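# A look at the structure
Residue strings, one per chain:
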Amino acid sequence: MALSGMRGLSVFISDVRNCQNKEQERLRVDKELGHIRTRFKNEKGLTVYEKKKYVWKMLYIYMLGYDVDFGHMEAVSLISAPKYPEKQVGYIVTSALLNENHDFLRVVINAVRNDIIGRNETFQCLALTMVGNIGGKEFSESLAPDVQKLLTSSSCRPLVRKKAALCLLRLYRKNPDVVNIDGWSDRMGQLLDERDLGVLTSVMSLFVALVSQNSEAYWNCLPKCVKILERLARNQDVPQDYTYYGIPSPWLQVKTMRALQYFPVIEDPTTRRSLFEVLQRILMGTDVVKNVNKNNASHAVLFEALALVMHLDAEKEMMSQCVALLGKFIAVREPNIRYLGLENMTRMLLVTDVQDIIKRHQAQIITSLKDPDISIRRRALDLLYGMCDVTNAKDIVDELLQYLSTAEFAMREELSLKAAILAEKFAPDLSWYVDVILQLIDKAGDFVSDDIWYRVVQFVTNNEDLQPYAAAKARDYLDKPALHETMVKVSAYLLGEFGHLLARRPGCSPKELFSIINEKLPTVSTTTVAILLSAYAKILMHTHPPDPEFQEQVWAIFRKYESYIDVEIQQRAVEYSALSKKGATLMDILAEMPKFPERQSALLKKAEDAEVDTAEQSAIKLRSQQQTSNALVVTDKHPINGSQPASQLGLVKIPSQNIETNSGDQGIVQENGAVNKAEAVPTPSADLLGDLLGPLAIEGPPAAAVSPADNLISGLEATPNSVGPLALATLDDQSNSVQPTVNIAERFHVLCLKDSGVLYEDPHVQIGLKAEWRAHHGRIVLFLGNKNTSPLVSVRALLLPPAHLKVELSLLPDIIPPRAQVQCPLEVVNLRASRDVAVLDFSYKFGTAMVNVKLRLPSVLNKFLQPMSVSAEEFFPQWKSLSGPPLKLQEVVRGVKPMSLPEMANLFSSLHLAVTPGLDTNPNNLVASSTFYSESTRAMLCLIRVETDPSDRTQLRITLATGDPSLTFELKEFIKEHLIQIPMATAAISGPPVQPQSPAKPAGYTDPGAMLAGLL
């Protein structure tokens, strides 16, 4: 803008820049707007100079972000001025202040048309620029014919024709009917003969838009496009102004090749040969250089040429050359070039007879799977998945399984699904398939969907030769001390169905199979308990001859679950208990499962839905498909429990015994900031695994969609509505209009023992959680997913941390886009031992419904424990040095859930307490140890001894010793809460702690168990 001489405008801009704060700026702007409004009311006394000055001020105020709701007519009136300075101001300000639907545009149409059809080229450029910026249906209907005449006129200068082409492109996008296809085919052919590269580049943009809608009407333009490419490839008649780092007009080359991809395969041999010569020249002449700008331009041309080669279905020799070139690119150090090489090599898989050539680069692709850049790793995974077949399936799947152990959470879900699909599609034999799936479940259980183990069960059931092998492998996995729950499910099912086939093998008798499965019962969820009960009934059925002692063990478990809160488990226990006493009837009812009918694999169906690359040969169509997000399938879920209303939650505390609570524990309230634009995390296509990193709800078995989450421990039979020591403190029992579809309290209990899972879910949003803990530091990532096709607005998160935790909550976007997922990391530092928990006050608005929930974050005491096994030489000196309260506390705990010692050991393992066998001579006792980390104590050794009474499993005595009095008390109470049968809101210590008496040690006292008994 030519602002020389406008002293008033310069002074105003200077005043605004010198404002100390936003309030001063607003006052100065309001004062100026009032002055401008007053002067505009007396328009007769307003000179042209003053009108220009005030309109410039209005534009500057508008650019600062203030609303300007007057003066539009004054700006529009300047367009009709006869002189350039006034007309320039009118066009610029009108383009900025008005949109295509503004009523004032009707007033200016005639003035704009007069400038377009006039002979002043400067005025024509101003008018075309404004029309191209604003667009609109009215402009297209009134001005399109005049713009077309300017474009095809031979008397207009190139500058005007360039602007006319771009203006017509904008009008065509707004109203495609403005271009008459019948008459424009010949006109476009003439325009493509243009020698001026500026005009030709603008015309090519228009041509790409036209041919994308109707390529049949422009067949006569195809040879002309090839000639343009020939001219550029040979650098003939290309001005220096259009040469970019030695590359002739790379923008025109890219647009021309993109236009050619909308035509079907070229049949004319002459045109085809000429085009292939050009493409060959591009492929041969492109290499990686140090200059970044030249690399960007040359690779833009190259990759568009590769897309055109794939579209044309070129000869195998040229395809081989393309793959070899991409092989060079995926081996360079520059990450952007590696990424593009992997992406285009994946697209090359669409072309027939190329897969074998790509396999030559398999080693380099596998190397890219370990690249530091996650985007490159994702492209390498896609390429390995696409190039896999029967010949290389074993190698690729083995690499994926090996990489699964070190892959970050963001990729494990997709990685697991693709490994399972490849194992199923290209398995050389079924035993290898079973091995792969069981390894997959063992290494990435949290990321393996039920569909994967459903499928392996179908294969085993339908293949009798495979059944003994699968049962034996399941038996081997159950020997592992730490086993994922999905592995427990599949192993229990296989041993229940086919365990009798292993009866003659050592360690595989029915009683031994029952014993090893039953060890996992205390730590599994209700859905797994149902599978285990069925397995018990089937194992009992196959016991020949009947073993009364074994029968009584199984019946005792059935009786235990006959009064269970879950109706499904209760019904199974009652029915199995009754059927198991009827002899032959049990054999008929619990007969071996029949073969499953042949049907399409759910995993393969997911793969078909997930593939964005289809058999479409047009690279442009492929590109548009890749930009289209896949819709998620959201299952209907009925609310099963209420959520806490807003403004009802006080401080969340786990009731402590004999310790006074302090309201100051609430700490400092931290509230997230809000950002205007959410960066949506793209969801993996086609409901990959139904976990928090994938889609928010997947289409699958109804039971899996609404089943209760994993239970906390075997001894915790809490109802969804029961109030226990971990319950939230609320003021009343109101609830939101939007009810959660999961049991919030139960999900919290599950996440206290796990590091990933769903924390909260309702019909609109799902909040998943993944956590990593190292010493006294922790990192929690919340995954907030919008399950709807409408955005969630007014998203807020308020953090209520207890005094013993330092929690930093990162920014959360104010809006979550449809079908999108955003991440919210939290950094946690443990300052000292406490059982209090942090609370997330989360709220959002969907439609007219305002939803607010209070969610406890599972940053509990055991997250900062590290299991540590100690030897007798280490244990006894420490135990002896910690003598008496408050460092060593002892308590008799009553109301304990009856459980065997192996069950209690599994419970302690889940609490990060390492059980050390052999330290206590009494076989009914347990000794455990762990290291607690906090900022105040750093690493603190914790020693625990539990004495049980075989005649009364409902009570036990626990002795706990640490070097910190507060830690000793808090850890003792924490373990108690996981041992008692019915969670109590308050409890009292049964009596004063008993101080251990240390008898004199005999001279020959060297046995560790005897030493421990003497000390205790």
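Preceding block: the structure.
Residues numbered from 1 in each chain as written. Predicted model: local features only at pLDDT ≥ 70, side-chain atom pairs only at ≥ 80, totals over all residues. Heavy atoms only, no water.

Next up on the list: the overall build of the protein chain. When helices and strands are tallied, the protein chain shows 39 helices and 17 strands. Counting all 1016 residues of the protein chain, 54% fall into the buried class. Sequence-distant contacts, at least 24 apart, represent 71% of the contacts inside the protein chain between residues at least 6 apart. As displayed, the protein chain has an accessible area near 44900 Å², and 51% of this comes from carbon and sulfur atoms. (Helix = DSSP H or I, 4+ residues; strand = E, 2+ residues; numbered from the N terminus. Buried < 20%, exposed > 50% of the residue type's maximum accessible area, 1.4 Å probe, protein only. Contact = heavy atoms within 4.5 Å. Areas by Shrake-Rupley, 256 points an atom, 1.4 Å probe, with all protein chains shown as cover.)

So, about the nonpolar core. Soluble, globular proteins show a tendency: their nonpolar side chains are buried together. Ranked by size, the top nonpolar core spans 215 residues in total, and within it Phe-139, Met-188, Phe-207, Ile-358, Leu-533 and Tyr-536 carry the most contacts. Sequence-distant contacts of Tyr-536, that is, excluding residues within four places in its chain, are made with Phe-514, Ile-517, Asn-518, Leu-521, Val-554, Ile-557 and Phe-558. Core analysis: the next-biggest nonpolar cluster, separate from the first, contains 65 residues, Ala-771, Val-807, Leu-913 and Leu-971 among them. (Core = buried A, V, L, I, M, F, W, Y, C linked by side-chain atoms within 4.5 Å.)

Let us now look at helix α36 (residues 872-881). Along an α-helix, residues three or four positions apart point the same way, because every turn accommodates 3.6 residues. For α36, the complete set of buried residues consists of Ala-872, Phe-875, Phe-876 and Trp-879. Relative to the axis of α36, the buried residues are bounded by an arc of 90° and lie together on one face. (Arc of directions from axis to C-beta.)

Inspection of every chain in the model, using the stated rule, returns 20 aromatic pairs. Seen from their ring centres, Phe-303 and Phe-329 are 6.0 Å apart, and the 70° between their planes marks the pair as edge-to-face. With a gap of 26 residues between them, Phe-303 in helix α15 (residues 292-312) and Phe-329 in helix α16 (residues 316-329) connect regions that are remote in the sequence. This pair shows no difference in class: Phe-303 is buried, exactly as Phe-329 is. Joined through ring pairs, the aromatic side chains of Phe-207, Tyr-218, Trp-219 and Phe-263 make up one cluster. A cation over an aromatic ring shows up here: Arg-856 above the ring of Phe-748, its NZ or CZ 4.1 Å from the ring centre. (Phe/Tyr/Trp six-rings, centres within 6.5 Å; stacked < 30°, edge-to-face > 60°. Lys NZ or Arg CZ within 6 Å of the ring centre and 35° of its normal.)

Time to look at the side chain of Ser-249. As for its position among the elements, Ser-249 is in the loop between β2 (247-248) and α13 (250-260). According to the relative accessible area criterion, Ser-249 is buried, its value standing at 1%. Beyond its immediate sequence surroundings of up to four residues, Ser-249 is in contact with Leu-197, Thr-201, Leu-232, Tyr-242 and Thr-243.

Burial of helix α35 (residues 744-753) is extensive: eight of the ten residues sit out of reach of the surface. Listing the buried residues of α35 in full gives Ile-744, Glu-746, Arg-747, Phe-748, His-749, Val-750, Leu-751 and Cys-752. Taken together, the buried residues of α35 touch β4 (756-761), β5 (765-774) and β11 (849-856). Where α35 starts, the residue carrying a side-chain oxygen 3.2 Å from the main-chain nitrogen of Ala-745 turns out to be Asn-743. (Polar contact = N/O pair within 3.5 Å; in protein donor to acceptor, adjacent residues only side chain to side chain.)

Quick look at the pairing of strand β17 (residues 952-961) now. Across seven bridges, strand β13 (residues 888-894) lies against β17 in antiparallel orientation. Within β17, the residue paired with Val-893 across the bridge is Leu-956. Of the pairings in the sheet, the one linking strand β16 (residues 938-949) to β17 comprises seven bridges and is antiparallel in character. Along β17, the bridge assignment pairs Glu-947 with Arg-957. (Pairing = 2+ DSSP bridges.)

All right, on to the pattern of salt bridges then. Enumeration according to the criterion identifies 45 salt bridges in this entry. As a salt-bridge pair, Arg-28 and Glu-32 come within 3.0 Å of each other at their nearest N and O atoms. Residue Arg-28 and its partner Glu-32 are both found in helix α2 (residues 22-41); the two are separated by four residues, about one turn of the helix. A relative accessible area of 6% places Glu-32 in the buried class. Connected through salt bridges with shared partners, the residues Arg-378, Arg-379, Asp-382, Glu-414 and Lys-418 form a single ionic network. (Salt bridge = Lys/Arg side-chain N within 4 Å of Asp/Glu carboxyl O.)

For Lys-359, the position within the fold is in helix α18 (residues 355-359). Excluding anything up to four places from it in sequence, Lys-359 contacts Met-387, Asp-389, Thr-391 and Asn-392.

Turning to its location among the elements, Glu-512 is positioned in helix α27 (residues 510-518). Given the relative accessible area of 38%, Glu-512 is considered partly exposed. Distance from Glu-512 to Phe-550, taken between C-alpha atoms, is 9.9 Å for residues 38 residues apart in sequence. Polar contacts involving the side chain of Glu-512 include one to the side chain of Ser-509, which spans 2.9 Å.

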